[in-house]
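Descriptive structure summary
One-letter residues, chain by chain:
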Amino acid sequence: QAPPGTDIWLADLTTSPEGRLVVGTPMNVTSRPGYDNQPMFTPDGSGFWYTAIDTHTGETDIWRYDLGTGEVTRVIASNPESEYSATPLPDGRGLVVVRVEADSAQRLWRFDPDGSNPRVLLPDVEPVGYFAFADPQTVVMYVLGEPPTLRVARLEGGEVRVVAEDVGRSIQPIPGTTQVSFVRRHGEEGTTIERLDPASGAIEVIAPGVDGGDFHAWTPDGRLLQASGARLYVWDAGEGAWEPVADLGDLGIRISRLAVRPDGAQIALVAERVSD
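Calculation rules
Residues numbered from 1 in each chain as written. Predicted model: local features only at pLDDT ≥ 70, side-chain atom pairs only at ≥ 80, totals over all residues. Heavy atoms only, no water. Salt bridge = Lys/Arg side-chain N within 4 Å of Asp/Glu carboxyl O. Helix = DSSP H or I, 4+ residues; strand = E, 2+ residues; numbered from the N terminus. Buried < 20%, exposed > 50% of the residue type's maximum accessible area, 1.4 Å probe, protein only. Phe/Tyr/Trp six-rings, centres within 6.5 Å; stacked < 30°, edge-to-face > 60°. Pairing = 2+ DSSP bridges.

Below, the discussion takes up the pattern of salt bridges. Inspection of the entire model under this criterion finds 15 salt bridges. We note a salt bridge from arginine 185 to aspartate 214, for which the minimum N-O separation is 2.8 Å. One end of the pair, arginine 185, is in strand E17 (residues 180–185); the other, aspartate 214, is in the loop between strand E19 (203–208) and strand E20 (216–218), with 29 residues separating them in the sequence. A relative accessible area of 36% places arginine 185 in the partly exposed class. Aspartate 214 sits in the buried class, given a relative accessible area of 7%. Across the pair arginine 231 and aspartate 247 runs a salt bridge whose closest N-O atoms are separated by 3.1 Å. With a gap of 16 residues between them, arginine 231 in strand E22 (residues 231–236) and aspartate 247 in strand E23 (residues 241–247) connect regions that are remote in the sequence. The exposure class assigned to arginine 231 is partly exposed, which follows from its relative accessible area of 43%. Residues joined in a network through salt bridges with shared partners are Arg169, Arg185 and Asp214.

With respect to the element layout, proline 33 can be found in the loop between strand E3 (27–28) and strand E4 (36–41). Taking C-alpha positions, proline 33 is 45 Å from serine 200, a pair spaced 167 residues apart along the chain.

For the rest of this paragraph, the subject is unusual backbone geometry. Omega for the bond connecting asparagine 79 with proline 80 falls within 30 degrees of zero, at 15°, which places this linkage in the cis form. Residue proline 147 is bonded to the preceding glutamate 146 through a cis peptide linkage, with omega at 5°. Tracing the backbone shows proline 147 in the loop between strand E13 (138–143) and strand E14 (149–154). The phi dihedral of serine 85 is positive, around 55°, even though this residue is not glycine.

In this section: the packing of aromatic side chains. We describe a pair of aromatic rings using the distance from one ring centre to the other and the angle between the two ring planes. Going through the model one piece at a time under the given rule, you end up with 6 aromatic pairs. Between tyrosine 130 and tyrosine 142, the aromatic rings sit 5.7 Å apart at their centres with planes inclined by 70°, giving edge-to-face as the arrangement. Taken as a pair, tyrosine 130 in strand E12 (residues 128–135) and tyrosine 142 in strand E13 lie far apart in primary sequence, 12 residues in all. Using a relative accessible area of 12% as the deciding quantity, one classes tyrosine 142 as buried.

Attention now moves to the pairing of strand E10 (residues 106–111). Regular strands show a simple pattern: their side chains alternate between the two faces of the sheet. Of all 6 residues that make up E10, 5 are buried, and the element is covered over most of its length. Direction of pairing for strand E9 (residues 95–100) relative to E10: antiparallel, over a ladder of 6 bridges. Paired with arginine 99 across the strands is arginine 107, a residue of E10. Summarising the sheet, E10 and strand E11 (residues 119–120) pair through 2 bridges and their orientation is antiparallel. Paired with tryptophan 109 across the two strands is valine 120, which belongs to E11.

Pasting the structure below:
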């Protein structure tokens, strides 16, 4: 079954004099039929990588959108393999993806910045669905299974340990720390966004998920964002509640994934249309 058609929208992010986050008018920058998803801004903020499925061949590759020119470039193209979730290495010397291999194994692969020189990172860990780096040597992964598990791996030595079960797909580095946030599922009770210290294994709840949601993002100054339907929310820890930031219902879209530019000046929103 083909994934739903999605596009990536870009909007400016600013802060009002009162300190409130302000979302500008989003613009659809990948407007085409099919699947454009999983945006990840480049470390220098000049563009973002994303996953796109070719509607003619069905191949899934990694592309790059240039914020200055609006041009798109295919960065990783392979057949019969498919690549997802492009993420920069912490040292800036390449990027890591989830690669679905010819035999359907899903493992983490490292590539040079131009998409060349592929090599597997953790040969014995699969099927990996999503991941994030906590520091240059520590990667936190969502590994598929019943139930799906959250695992922490050290690249040097390959040590892997399970730290949580029944987790969601969104794993995000928390700005200014070596910790990550992840989502835990609680059946009909919804979800919680939780904080993991990979070094100690300590876990604490940050906030309930909005409407049982999964995907979330952080601004560089540490504000937690999540969406539900066409609305974007920010977590107010002082009030212990989600506060609405923007309602994009007039665009006829439903938001799923979020990504914030490293300098906090823009947000990428993954959305599918729900009306014309």
